[in-house]
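# Coordinates in review
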Amino acid sequence: MKIELNNLTFSYKKRSAPVLEGVGAVFEQGKRYALTGRNGSGKTTLANLILGLLKPQNGNILINGEDAAKMSAALRAKKIGYLFQNPDLQLFAPTVMEELAFPFELTGTLTEEKQDELQRMLTIFHLNGMEERFPLTMSGGEKQRLALATVMSRHAEFLILDEPTSAIDRECRSFLTNFINGFAGGALVITHDEELIASLDSPHLLKLEGGRVHEA
Amino acid sequence: MRLDPRARLLLILLITTLAVLAKDIAYLAIVFFAALAVNAMLKINIIGAAKRMRHFIWLILFIAIVQSLTVKGGTALLSVGKINFLTTKGIGFAAEFVLRMGIILLAGLIAASSDGREMTDGLLKLGMPYELAFMSAIALRFLPVFRDEFVARINAMAMRGIDIKRLSLPKKLKVYGYLILPAVSGCVIKSEELARSMSARGFGAEKKRTMLRALKLTWTDWLVMIIAVLLTAAYLVFMYTYGNLFVL
């Protein structure tokens, strides 16, 4: 898995100053990247461009050498998983189990093997016994683990985590860092949290400043 | 021109009332151009608003076309055999519909171009209870928040590998069900948080209220309101004295 950003430029309005200007970066399999930058510097915008939720005005994105402009956001989501800063926005279903299962139901891929796998995910993400809970009333850490489980249920090869520690307790933070460090695919962590960066295994430090990505 | 929210509210009330009472295309056209003039006077960007509402405008035009093809009566303009597809009455109905909707949209622009807080102050000055006026202001304030959250949830669906456009209708309905559940519970949670936050800030603790911004009607506001009322009265007297101006 390799994501290449070439000369990306993006602004929210035609005549306003670009949020990102000529951004270039490469993200590879098995590596961890920590992206920092001031509030409003364009970190989440960059993630949205990679995910196909926004379109760059200039430049291109290559995913495994293929031009991502030809891939819809749903198609990119098969390879790239995204953990929102606010997990409330990515939880929909009335129960934890349905939360994990409904995308597979809708796409006709909820086989018995998949159901077994989803059961195993409950154990991996410490959600055992919560199958019937309403996700939106769970604690911040539980919601974050469930959101991550939904991302991993699609076998994402690359993860983008947007401020993943903003609303979780120490125990969940430890779970999350262990998970990121043990993840075989690539991971881009967007964060202000220096403690999180320090706990990542040999991360590549990047900083978004003045609309460009710099090695920190 | 800057007008007091009460003057704006009066203009909106008069324009929408006339849109309902107007008897035919000629009367509607007068109100339509008057509403355009009011928008121009308030320096409202009508072209920009039309671009933003283009989907809605297309829908109005589509309904008008359907109406012109289905309403019978008057002189036939297009017939196939004994069936009339386009009649003068059909075109008249469609034109009236377009003008009426146009007037309502123009009146809506006057409301939308006003500062929400100012409108609340205006409603208060007109005697609306503070709680109701505050609720209206809060509702307006949260609309963009709900819109952004809804867009984020649609994006989150795409991130789950679900391309809504490609789903069959029953599956689409199911996805919309999943989108509505968190939206409704999100509203409930937000309103509870808001209620707690307002209580913590002493909302309703004192009966007597003071205002940060005091509204004051200027002579321009009075002049605009008097002219608007007089013109409306003249319009109504003329319409009910002389009846229809344009008969199809």
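Residues numbered from 1 in each chain as written. Chains lettered and ligands numbered in written order. Predicted model: local features only at pLDDT ≥ 70, side-chain atom pairs only at ≥ 80, totals over all residues.

Broken down by element type, chain B carries nine helices and two strands. Secondary structure elements of chain B occur, N-terminal to C-terminal, as α-α-α-α-β-β-α-α-α-α-α. In chain B, which comprises 248 residues, the share counted as buried stands at 23%. Taking the contacts inside chain B whose residues are at least 6 apart along the sequence as the reference set, 67% of them involve residues at least 24 apart. (Helix = DSSP H or I, 4+ residues; strand = E, 2+ residues; numbered from the N terminus. Buried ≥ 20, exposed ≤ 12 C-beta atoms within 10 Å, placed from the backbone. Contact = placed C-beta atoms within 7 Å.)

So, on to the interface of chain A and chain B. On the side of chain B, 21 residues touch chain A, which itself brings 23 residues to the contact. Going through the elements one at a time, helix H2 (73-76) and helix H3 (96-106) of chain A are the ones with two or more residues in the side of chain A that touches chain B. Here the side of chain A that touches chain B gets three residues from one element, more than from any other, and that element is H3(A).

Before going further, it helps to examine the sheet that holds strand S2 (residues 20-28) of chain A. Residue and element names in this part refer to chain A. Strand order in the open sheet formed by four strands is S2-S1-S4-S5, and the pairing between neighbours is antiparallel. Edge positions in the sheet fall to S2 and strand S5 (66-67), since each has one partner strand and no second. Where helix H1 (residues 43-51) meets the sheet, it contacts strand S1 (2-10), S2 and strand S4 (58-63), and its direction lies at approximately 120 degrees from that of S1. (Pairing = 2+ DSSP bridges. Axes fitted to C-alpha atoms, helices over the stretch in contact; angles between N-to-C directions.)

On to the nonpolar core. Counting 65 residues, the largest nonpolar core has Ile50(A), Tyr82(A) and Val189(A) as the members making the most contacts within it. In terms of residues, this core owes the most to one element, H1(A), which gives five residues. Not counting the four nearest positions on each side in its chain, Tyr82(A) is found in contact with Ala47(A), Leu51(A), Val151(A), Ile160(A) and Met159(B). Membership of the second largest hydrophobic core comes to 30 residues, among which are Leu10(B), Ala34(B), Leu106(B) and Ala107(B). (Core = buried A, V, L, I, M, F, W, Y, C linked by C-beta atoms within 7 Å.)

The predicted model of chain B averages 85 in pLDDT, with 99% of residues at 70 or higher. Of the two predicted TM-score estimates for the complex, the pTM is 0.69 and the ipTM is 0.83. (pLDDT = per-residue confidence, 0-100.)

Moving on, we come to the sheet that holds strand S7 (residues 158-162) of chain A. Residue and element names in this part refer to chain A. Within the open sheet, the six strands sit side by side as S6-S7-S8-S3-S9-S10. Their pairing is mixed. Here the strands that pair on one side only, and so sit at the sheet edges, are strand S6 (80-83) and strand S10 (212-215). Neighbour to neighbour, the strand axes of the sheet diverge by 20 degrees on average, direction disregarded. Pairing analysis gives four bridges linking S6 to S7, with the strands arranged parallel. By the bridge assignment for S7, leucine 83 is matched with leucine 161.

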